[in-house]
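Structure at a glance
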Amino acid sequence: MKSLLRIARDMLAAEPKAFLRGAILGVTVLAMGAALLGLSGWFVTACAMAGIAGIGIDFDFFRPSAGVRLLALGRAGARYGERMLTHDATLRALSALRLRLYRGVARLPFEAQNRLRGAEALNRLTSDVDALDGLLLRLLIPVATVLTVLAVSFVTLWFLVAPAVAWSVTLAYLAGGTLALIVTARRAHGAAEAAETALQSLRARTLDMAQSRADLTVAGALLRQRSGIGAAVAAEVTARNRMEAADRAGGFALSLTTGIAAAAALLSGGMLAQAGTITPAEAAIGFFVAMALGEGPALLRRGLTELGRMQVAARRVTALCDTPVRPEPASAPAREGSAPLLVAQGLTHRRAGSARATFGPLDLTLTAGETVLISGPSGAGKSTLLSVLSGLIPATSGTIALEGRPLADWPEAALRSTMTLLPQRSALIGGTVAENLALALPAERLRPAPESRSTPPEARFSDPDRVWQILDALELGEVLRRREGLATVLGPGGSGLSGGQSRRLVLARALLREPDILLLDEPSEGLDPDTAAAVLGALRTLLPEAGIILVSHRPADRAFADREIAVARS
């Protein structure tokens, strides 16, 4: 519950004025509903009593009927405004929450971020944020409005009808409504968690099947995957049925509470009317107000049914948002004049719980303009070595010096501008080629995003000629010119380009950073020999002074390197 309250506080802080106005309108809606039914009940009863007494001609029909119309129209308008304000504020608050969540994810260690690339983890992040959209709309704001309206109704009934009627209605709702809502929340808690788990499993399995249908067919696992999807669907349906059963039971309990409150109001008001303390019309006010107040607790029923799902989501979201900020130096160290670009001594890495080292011990020196090839069998830790050299994964032992200074002395921004890693799995996004390339560049090398679609995408870059120089050198420029240039739109994950073209585009993005050190994992993968030779030659032409470390087993990469370091499997 602590995490849930923390998320609620943060969401309220994101849009405090909008939520406050929405809550005021919510109170207005419930209060006007109670007033509308109370006034209508009084009006009808008073009309009847005036007719029985034979004074109907002197009865003022106009002002009460005008009040009824005013309350009916005002309630509809207030409801519309409340929905507009609270829903808009919730969407804005969830957007702010997503930004905090993604910042927290960005602070996670590299290996933890890699684990979040799976379909199940990504679905969980999306589903967790979506689960919190009802936290304010269906829980906290309704609680505040219901308690406020109940207090206002208590005071109103006290002065307009009688204290006994006010107490009977208020106590019936406080006791019966609270009990009914608590029982609903408890019955639905486990079902809500089970429904969320089943939904995430269904999403992950369906996504896996959509993306890997051919592989599953070849492996003979398609039917098993379909069975898993069917089981996830069945589990979600079962959990949803349990939630609906709890919701119906809660609805029945709240209806019973409303009936008890109305009966208590009718009994106490009737006794007072019989004693001549109040008029029958005034007694009707208490009865109809008690009936109208049943709308308030009903607003909470849906939120309490999903409370279990919200609590689980809040714990996970809070844990990611609270990822600690890693301290780093305030400024980049100055480079020692004659120091090599990179020096690693006695470098080893061992994963937690592993009996053997991933690689090492290893010594490596890289100078300006030099190309070093890292070779070795599959599983020898070559890709892990690049991650350690780039500071993404800490070394188990050994030292790394970048331009004569320890790697730990480098701030993150300065480190990434000096060293660029192109992993074997590099992501492209759905969008234009220009947008994919712009991801690599710092703000000072980009211009503000154009406001008009007619503005050429080259205007996004401070040096568009350099962009095309790199694309031409990688033999990608002509391919893009035959389409729409930098405005060429790629699909999700960069679809629309061949594997080799995608590889060259992410390489172009890395080259745009113009780093002092370039770390490449299988840079010529997916390229034919001629294209691979042209691309490798372009690397040295475009970055003549950069130190380059390649991880590869391809002959073209070996021929391009100045020397080779073999990494043996431990």
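Residues numbered from 1 in each chain as written. Predicted model: local features only at pLDDT ≥ 70, side-chain atom pairs only at ≥ 80, totals over all residues. Heavy atoms only, no water.

It is worth spelling out the overall build of the protein at this point. In terms of helices and strands, the protein carries 20 helices and 11 strands. Each principal axis of the C-alpha distribution contributes one length, and for the protein these read about 110 × 55 × 50 Å. When the 570 residues of the protein are sorted by exposure, 45% land in the buried category. A separation threshold of at least 6 residues defines the contact pool for the protein, and within that pool the share at least 24 residues apart is 78%. (Helix = DSSP H or I, 4+ residues; strand = E, 2+ residues; numbered from the N terminus. Buried < 20%, exposed > 50% of the residue type's maximum accessible area, 1.4 Å probe, protein only. Contact = heavy atoms within 4.5 Å.)

On to the packing of helix H16 (residues 464-473) against helix H18 (residues 499-512), then. Two elements in contact, H16 and H18, have axes whose closest approach is 10 Å; the angle formed by their N-to-C orientations is 135 degrees. As judged from the angle between their axes, H16 and H18 are oblique. The handedness of the crossing between H16 and H18 is right-handed. On H18, the residues touching Val 467, Ile 470 and Leu 471 of H16 are Leu 505, Ala 508, Leu 511 and Leu 512. Residue classes in the contact of H16 with H18 are distributed as 7 nonpolar, no polar and no charged. (Axes fitted to C-alpha atoms, helices over the stretch in contact; angles between N-to-C directions. Parallel < 35°, antiparallel > 145°, perpendicular 65-115°, else oblique. Left-handed = near helix turned anticlockwise from the far one by under 90°. Nonpolar A, V, L, I, M, F, W, Y, C, P; charged D, E, K, R; others polar.)

Glancing now at unusual backbone geometry. One non-glycine residue, Glu 514, lies in positive phi territory at about 50 degrees. The topology assignment puts Glu 514 in the loop between H18 and strand S9 (517-521). A residue is classified by how much of its surface remains accessible, and Glu 514, at 36% relative accessible area, is partly exposed. Positive phi values are uncommon outside glycine, yet Glu 522 reaches one of about 55 degrees.

Quick look at the sheet that holds strand S5 (residues 405-406) now. One open sheet holds the 4 strands; their spatial order is S2-S1-S4-S5, and the pairing between them is antiparallel. Both outer strands of the open sheet, strand S2 (359-366) and S5, are each paired with one neighbouring strand and no more. Pairing analysis gives 5 bridges linking strand S1 (residues 342-349) to strand S4 (residues 397-402), with the strands arranged antiparallel. The partner of Thr 348 across the bridge, within S4, is Ser 397. The sheet contacts of helix H13 (residues 382-389) involve S1, S2 and S4, and relative to S1 the element is tilted by about 125 degrees. (Pairing = 2+ DSSP bridges.)

You can read the domains of the protein as domain 1 (2-321) and domain 2 (366-395 + 410-448 + 456-566). The straight-line distance from the C-alpha centre of domain 1 to that of domain 2 is 52 Å. (Domains from an automatic or database assignment.)

Aromatic ring pairs are reported here in terms of the distance separating the ring centres and the angle at which the planes meet. Summed over the entire model, instances satisfying the criterion amount to 3 aromatic pairs. Ring centres 4.8 Å apart and planes at 70 degrees place the aromatic pair Phe 154 and Trp 167 in the edge-to-face group. Here Trp 167 lies in helix H7 (residues 163-211) and Phe 154 lies in helix H6 (residues 134-160), a separation of 13 residues in the sequence. Judged by centre distance (5.1 Å) and plane angle (80 degrees), the rings of Phe 287 and Phe 288 are edge-to-face. Of the aromatic side chains, those joined through ring pairs into one cluster are Phe 154, Trp 158 and Trp 167. (Phe/Tyr/Trp six-rings, centres within 6.5 Å; stacked < 30°, edge-to-face > 60°.)

Our focus in this paragraph is the environment of Pro 555. Among the secondary structure elements, Pro 555 is positioned in helix H20 (residues 555-560). When its relative accessible area of 65% is taken as the criterion, Pro 555 is described as exposed. Sequence-wise, Pro 555 and Pro 529 are 26 residues apart; in three dimensions their C-alpha atoms are separated by 9.1 Å.

The sheet contact formed by S4 and S5 spans 2 bridges and is antiparallel. Across the sheet, Leu 402 pairs through a bridge with Arg 405, a residue of S5.

Among the nonpolar cores identified, the biggest contains 43 residues, and Leu 437, Phe 461, Leu 471, Leu 486, Leu 505, Leu 511 and Leu 539 are the most heavily contacted of them. Of all the secondary structure elements, the ones that give two or more residues to this core are helix H15 (433-438), H16, helix H17 (477-481), H18, S9, helix H19 (529-542) and strand S10 (547-551). Here this core takes 7 residues from H18, the largest share from any one element. With residues near it in sequence (within four places) discarded, Leu 486 still touches Thr 432, Val 433, Ala 434, Leu 437, Pro 457, Glu 458, Phe 461, Val 467, Trp 468 and Leu 471. By size, the runner-up hydrophobic cluster in this structure holds 36 residues, among which are Leu 181, Ala 185, Leu 300 and Leu 307. (Core = buried A, V, L, I, M, F, W, Y, C linked by side-chain atoms within 4.5 Å.)

Attention shifts here to the sheet that holds strand S6 (residues 419-422). A sheet is described by the order of its strands in space; here 5 strands give the open sequence S6-S9-S10-S3-S11, paired in parallel fashion. Looking at the sheet topology across the chains shown, the edges are occupied by S6 and strand S11 (563-566). On average, each strand axis in the sheet is inclined to that of its neighbour by 15 degrees, with strand direction left out of account. Direction of pairing for S9 relative to S10: parallel, over a ladder of 5 bridges. Within the sheet, the bridge partner assigned to Leu 518 lies in S10 and is Ile 548. In this fold H13 packs onto strand S3 (371-375), S6, S9 and S10, with an angle of close to 155 degrees to the strand it touches most, S9.

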